[in-house]
Amino acid sequence: MTSGTPAGTTAGHGAPLLIEGDDDVVLPFAVEALDVRGRVVRLGPAVDTILRRHGYPDAVARLLGEAAALTVLLGSSLKFEGRFQLQTKTDGPVAMIVVDFEAPDRLRATARFDTGRVEALGAGPLQDGDLIGQGHLAMTIDQGPTSSRYQGVVALEGQSLEEAAHQYFRQSEQIPTQVRLAVAEQYAGGARTYRAGGLLVQFLPQSIDRARLADLPPGDIPEGHVHLDAHGMPEDDAWVEARSLVSTIEDHELVDPEVSAERLLYRLFHERGVRVFEAQGVREQCRCSPERVMGMITSFSPQERRDMIADDGRIGITCEFCSRRYDLDPAAVEAEVAAQGIAPPDVAASDVASRSNG
């Protein structure tokens, strides 16, 4: 295994030193012999903080952990100051998941679920589809107020988040992609902590002809060529090999603290040679603030603002991501409305915190 950047270098000015085996890190890599590139993510304290804060049932915590790992895998590819958001809206026991990754390194996540419906599923191992049900998965790239948002939507029909990601890349990006996700609890020092891991591999050949091989109709498959995808289209041999290697990964390898991202990549691709690049740290941090909360409240109508006032005469707002509570004076809110001369601000739906009247 070769390195594009020496291990132990910083990820930028003021960034913490990243050492092989660290948690809360994304490691980009390339296997040039197979024309594939990808990223490995290992989440420890960041994802544990998110999941423990809300006291989610274990099944919900594991699902949200997978969603967080997938979001970091996709969002960490952003080359600009922007935000990648993954959101599900479904009819299952877990009705909504929202995960934000704000470049270059900030992660937050939340889930809404029906406790009774989750408990009714029992304590045994559950599939993602059991919890998610039917609905849709949206992936949104927000590059800021001067650029248009890009959104890709995938129908959720009982498949796993891995399968939904594969479907997204097939229909939106048309890039052969393989994703693996895993979440587990670690028992150490008498404490239980969640860990999450993920691997994304994409086939990105230099040759346009090879990149477009899957666009050929089945009738054009050369005689003796047996590599077909799920839709009967031919696949490049290099991609078949890479995808087959990725399929050998066990869940525990993605989350085992004794198996670093570098070691995992060596296990998979040492025969072909794998190059790793500069690692990027990830941290749990909410983007809520008094200013954002005030902006959200002023976007409501006067009657809605009056309805927010609790018996104690205050407006209470709790952030659904970090559970931070904001206590506001209604007079101060109305003064802000008057000062802005409102035209209501554009506030993303995922930034609307839960309102509390008591």
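Computed from a predicted model, the values in this text were never measured in an experiment.

Calculation notes
- Residues numbered from 1 in each chain as written.
- Predicted model: local features only at pLDDT ≥ 70, side-chain atom pairs only at ≥ 80, totals over all residues.
- Heavy atoms only, no water.
- Salt bridge = Lys/Arg side-chain N within 4 Å of Asp/Glu carboxyl O.
- Helix = DSSP H or I, 4+ residues; strand = E, 2+ residues; numbered from the N terminus.
- Buried < 20%, exposed > 50% of the residue type's maximum accessible area, 1.4 Å probe, protein only.
- Pairing = 2+ DSSP bridges.
- Contact = heavy atoms within 4.5 Å.
- Axes fitted to C-alpha atoms, helices over the stretch in contact; angles between N-to-C directions.

S.K.: Describe the pattern of salt bridges, naming the residues involved and giving the relevant values.
M.R.: Pairing between side chains of opposite charge can happen when the charged atoms of each approach one another. Within this structure, the stated rule accounts for 21 salt bridges. Note that Arg-83 is salt-bridged to Asp-100, the shortest N-O span being 3.1 Å. Residue Arg-83 is located in strand E4 (residues 83-90), and its partner Asp-100 is located in strand E5 (residues 94-102); the two are separated by 17 residues in the primary sequence. In this structure, Arg-83 and Asp-100 share a single accessibility class: buried. A salt bridge links Arg-83 to Asp-142; the shortest N-O distance between them is 3.9 Å. Of this pair, Arg-83 sits in strand E4 while Asp-142 sits in strand E7 (residues 134-142); the two residues are 59 residues apart in sequence, bridging distant segments of the chain. Arg-83 gets classed as buried once you look at its relative accessible area, which sits at 7%. For Asp-142, a relative accessible area of 15% gives the class buried.

S.K.: Quick one: what's the story with the sheet that holds strand E13 (residues 283-284), residue by residue and with numbers?
M.R.: Spatial ordering of the open sheet is given by E8-E7-E4-E5-E6-E13, a layout of six strands whose pairing is mixed. In the strand order of this sheet, the two ends are held by strand E8 (150-157) and E13, each with one partner. Sheet topology places strand E6 (residues 106-113) next to E13; two bridges connect them, and they run parallel. Residue pairing for E13: Arg-106 is matched across the bridge by Arg-283. On the sheet, helix H2 (residues 58-75) packs against E4, E5, E6 and E7 and is oriented at approximately 35° with respect to E5.

S.K.: Kindly report on the pairing of strand E10 (residues 191-203), identifying the contributing residues and their values.
M.R.: Of all the 13 residues making up E10, ten are buried; the element is thus mostly covered by neighbouring parts of the structure. Taken together, the eight bridges between strand E3 (residues 36-43) and E10 define a ladder with antiparallel strand orientation. Residue pairing in the sheet places Val-40 in a bridge with Leu-199 of E10. Sheet analysis places strand E9 (residues 177-188) next to E10, joined by twelve bridges and oriented antiparallel. Residue pairing across strands places Leu-181 opposite Gly-198, the latter belonging to E10.

S.K.: Please give an account of the environment of Leu-34 that cites residues and values.
M.R.: Along the chain, the position of Leu-34 falls in the loop between strand E2 (25-31) and E3. The exposure class of Leu-34 is buried, given its relative accessible area of 1%. Once the C-alpha coordinates of Leu-34 and Phe-269 are considered, the two residues, 235 residues apart in sequence, prove to be 9.6 Å apart. If we ignore the near neighbours within four places in the chain, the residues touching Leu-34 are Phe-203, Ala-238, Glu-241, Ala-242, Phe-269 and Arg-272.

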